[in-house]
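Results of the structural survey
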Amino acid sequence: MKKTRSDLLNQSNWSRRKVITALGAGATTAALGPLILTSANASPNARIRHAVIGSGGQGRSHCKQFSGIGADCCVAAICDVDPDQRRRALEVLPQGSPVAEHEDYRRILDDQTIQTISIATPDHWHTKIAIEAILAGKHVYVEKPCCHNIHEGNLLVRAAQKYGKCVQHGTQSRSSESVRNAIQFLRDGKLGNVRMAKAINHQLRKPIGRALESDPPTGVNYDLWLGPAPKVPFTKNRWHYNWHWFWDYGTGDMGNDGIHQVDIARWGLGVEFPDVVTAAGGQLFYDDDHETPDTQVVTLEYDQCYLLYEMRLWTDYQCEGHDNGTIFFGDLGKLEIGRKGCFVTLIDKEPEQIPGQGVSHARNFIDAVIADNPSKLNAPILEGYISATLCHLGNIGTRVEQRLHFDRENLRFPESEEASRLCSRDYRDGYQLPVLR
């Protein structure tokens, strides 16, 4: 029996209909809605005070993006447990602007002059900080994946719905005009019946070696960095960026980079949670401290189509014309979305590029905040949660090596307690998730 969109997300006394009502019609997958470029409602004197939590490479990118928006926004505070990262973040911000520095993100949440935050911490902190920020009355831009596990994301969507806050997900392709035009091309039926999409993550990520236990860098609050995760000794491989490859903190490259391709594939197919996931993966290239796979194949089964994910982290060459990209296969030809643009190749025709300009994802977020209207978000948290869940499903299937039926109402797998346990996690004392009343 084909699942309808209203069958989805009916869990814990809330429904998809309620979520869509709160987030606005722009939160649905089928309705693309307008591409918001500027805010007609922005007052000339409006100035959003923004804070960036997490000052690594992505956090510094946030500093540049939000400080570069213009008169509507300024970066008023930064936060990181590593003083060196804070120093590097300050260096990319405009000189002369007063910026508060914090080690503990809770000081930012306490600051009532801060209206918006963006979260660029390790994955295991995303949901906790996001929900606490919502409860503190702030709007949130949260990096992908929005959650470290499926239950976290469910709670985050509920919080956004309950308090009506703008919560933007860091899948920035949804603010690309060319990608939106390509998705509309599919919606208009110009590729015919699309029965399969392939999300591919092909790149070279070099080995990280093996690191001995050591003291944390001077001045670093390592216990706060661990947060919800188990307390373990410091090693440099659990530290900057390499944390992605440990299950306690990251989600492997499927949640790190592959989520972009998975999100586009799901968006184009017009699907949400799958009925079944089949996955396999492991380490064919790495022999080091990595816990997550370097090779992974995931099949997400829907009633009338399939979404495939392929990952190879040992290829420094293109495959199928892409390093990272998404391919839709239809009756009339194929549509490819990648870093070089969007191209459609109809049967017996030459490839044609789908035009479109880049649009700032941060700008879209600030416009929605100024309008106090979550429906203006190009990547609302509901859509981010669904795409993040697909990545978690792929990782869970890979880890338990079992074909799994997903119970979307109860967020579990009926045939596997082991897999069901991976839908959540144990939280260290003092770092539990907030409780929504």
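First, a word on what this report is: a plain description of the structure on this page.

About the criteria used
- Residues numbered from 1 in each chain as written.
- Predicted model: local features only at pLDDT ≥ 70, side-chain atom pairs only at ≥ 80, totals over all residues.
- Heavy atoms only, no water.
- Helix = DSSP H or I, 4+ residues; strand = E, 2+ residues; numbered from the N terminus.
- Buried < 20%, exposed > 50% of the residue type's maximum accessible area, 1.4 Å probe, protein only.
- Contact = heavy atoms within 4.5 Å.
- Areas by Shrake-Rupley, 256 points an atom, 1.4 Å probe, with all protein chains shown as cover.
- 1 Å grid on protein atoms, 1.4 Å probe; cavity = no way out; pocket = protein on both sides within 12 Å on 5 of 7 lines; lining within 4 Å.
- Points joined across faces, edges and corners; volume = space filled by probe spheres on them.
- Nonpolar A, V, L, I, M, F, W, Y, C, P; charged D, E, K, R; others polar.
- Expected span 1.5 Å × (residues − 1).
- Salt bridge = Lys/Arg side-chain N within 4 Å of Asp/Glu carboxyl O.
- Pairing = 2+ DSSP bridges.
- Axes fitted to C-alpha atoms, helices over the stretch in contact; angles between N-to-C directions.

1. Quick notes on the overall build of the chain
Secondary structure assignment for the chain yields twelve helices and 15 strands. Burial analysis of the chain (437 residues in total) assigns 59% to the buried set. Expressed as a percentage of contacts within the chain between residues at least 6 apart in sequence, the contacts between residues at least 24 apart total 72%. Looking at the chain as shown, the accessible area adds up to about 17,800 Å², and 48% of this sits on carbon and sulfur atoms.

2. Focus on the layout of surface pockets
Empty space within the largest pocket amounts to approximately 990 Å³. Taken together, 48 residues form the lining of the largest pocket, with Q58, E143, K144, H244 and N256 sitting closest to its centre. Listed by contribution, the elements that provide at least two residues to the lining of the largest pocket are helix 2 (57-67), helix 5 (123-135), helix 7 (177-187), helix 8 (222-226), helix 9 (252-269), strand 11 (324-330), strand 12 (333-338) and strand 13 (341-346). With five residues, helix 9 is the single largest residue contributor to the lining of the largest pocket. For the lining of the largest pocket, a count of residues per class yields 17 nonpolar, 22 polar and nine charged.

3. Remarks on helix 11 (residues 381-400)
Between its first and last C-alpha atoms helix 11 spans 28 Å; for 20 residues at 1.5 Å apiece the expected length is 28 Å, and the two agree. Of all 20 residues in helix 11, 19 are buried; the element is thus mostly enclosed. Directly after helix 11, the chain includes E401, whose backbone phi takes a positive value near 55°.

4. Comments concerning the pattern of salt bridges
Here the structure, examined in full by the defined rule, presents 28 salt bridges. Between E310 and R312 there is a salt bridge; the shortest N-O distance is 2.9 Å. Of the residues examined, E310 reaches a relative accessible area of 16% and is grouped as buried. Because the salt bridges share partners, they merge into one network encompassing D104, R106, R107 and D110.

5. Thoughts on the sheet that holds strand 12
Read from one edge to the other, the open sheet built from nine strands follows the order 14-13-12-11-7-10-9-8-15, with strand pairing classed as mixed. Lying at the two open borders of the sheet, with one neighbouring strand each, are strand 14 (352-354) and strand 15 (404-405). Bridge count for strand 8 (residues 276-282) against strand 9 (residues 295-301) is seven bridges, and the pairing is antiparallel. Paired with G281 across the bridge in strand 9 is Q296. Contacts between helix 9 and the sheet are confined to strand 7 (194-202), strand 9, strand 10 (306-312), strand 11 and strand 12, with strand 7 contributing the most and set at about 160° to the helix.

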